[in-house]
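# Understanding the architecture of this molecule
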Amino acid sequence: MTNIDALPQAVATNATLDLICRRSSTRAFADAPVDEAQRQAVLHAATRAPSGGAMMMYSIIDIRRRETIEQLAVLCDNQPFIAKAPWALVFVVDYAKWMDLFVELDCADAEGTGPRPPLRGELAIAAQDTVAAAQTAVIAAEAVGLGSCYIGDVVEHAEEVAALLDLPPYTLPLSMLVLGTPAKERPATPHPTVNIVMEERYHRADARVRAAQIAEMDAMFRPHAAEPGARVRDIYQRKHTSDFMAEMDRSLALWYQNWTGEAPLL
């Protein structure tokens, strides 16, 4: 199993890798605006992310209006810190722009009935494009003095989010970032290292590795981990069986029908 514990020491002299190691999510923002130079740097970097065939199968919705951010905070599990962020970016898996171009140029399938809708293959590649753009934006934001936090809950409440952001068929909002100047110094969040990197092929954890995972997670979860396995049980109860996960599942079924055009939300 590859040892990734030693990496931070090995890369401390590299500014980019050091920034990645020090970065943590920001959930408290200073009362300071995001200036235009910071915005443009983040957005430009995002569009420089890798893209399958340079197709750019995503769109970035740049949200600055306080009213819209506050509505998104409500739709994303009523998280108050979202409403206080000065800036939000919604990363949309987007094939609508390609469908429009296909129609514009009379592209058709073998039966001549027009372009078929995007299916799971296109979704897999487009989602990779979208995540690459979002994470590049995260690193760029850190480089220009902005903190950020991923908001996966933007996929919930599909009907309301589609209406709020005017999302057409062949789209799916994959993630949202809230960004702003951090209100205070943020220590790097510890991340688990056991059973993450696997050599050559997938390795299912045996009893020894599972015990190491549980012990590492409990150590990171202090002082809340009062007994062995507390972190895993916390994740099961607070995430895996949560109401918001049930809503996410419901909404993703709707988003997939929107993606294929089978049942547009708008």
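In the block above lies the structure referred to throughout.
Description of the structure in this document. All of these numbers come straight from a predicted model, not from anything done at the bench. (Residues numbered from 1 in each chain as written. Predicted model: local features only at pLDDT ≥ 70, side-chain atom pairs only at ≥ 80, totals over all residues. Heavy atoms only, no water.)

## Quick word on the overall build of the protein
Across its full length, the protein holds 11 helices and four strands. Here the C-alpha coordinates of the protein stretch approximately 60 × 45 × 40 Å along the principal axes. Out of the 266 residues belonging to the protein, those deemed buried represent 36%. Residue pairs in contact within the protein that sit at least 24 positions apart in sequence constitute 76% of those at least 6 positions apart. Within the structure as shown, the protein displays about 15,200 Å² of accessible surface, and the carbon and sulfur contribution to it stands at 57%. Here the protein carries 24 positive and 35 negative side-chain charges, and the mean point of each set is 8 Å from the other. (Helix = DSSP H or I, 4+ residues; strand = E, 2+ residues; numbered from the N terminus. Buried < 20%, exposed > 50% of the residue type's maximum accessible area, 1.4 Å probe, protein only. Contact = heavy atoms within 4.5 Å. Areas by Shrake-Rupley, 256 points an atom, 1.4 Å probe, with all protein chains shown as cover. Lys, Arg positive; Asp, Glu negative; His and termini not counted. Charge placed at Lys NZ, Arg CZ, Asp CG, Glu CD.)

## Details of the side chain of S24
Relative to the helices and strands, S24 is located in the loop between α2 (15-22) and α3 (36-47). Classification of S24 by relative accessible area gives buried; the value is 3%. At 3.2 Å, the side chain of S24 and the backbone oxygen of P187 are in polar contact. Here S24 is in contact with S148, R186, P187, A188 and T189, once residues within four sequence places are set aside. (Polar contact = N/O pair within 3.5 Å; in protein donor to acceptor, adjacent residues only side chain to side chain.)

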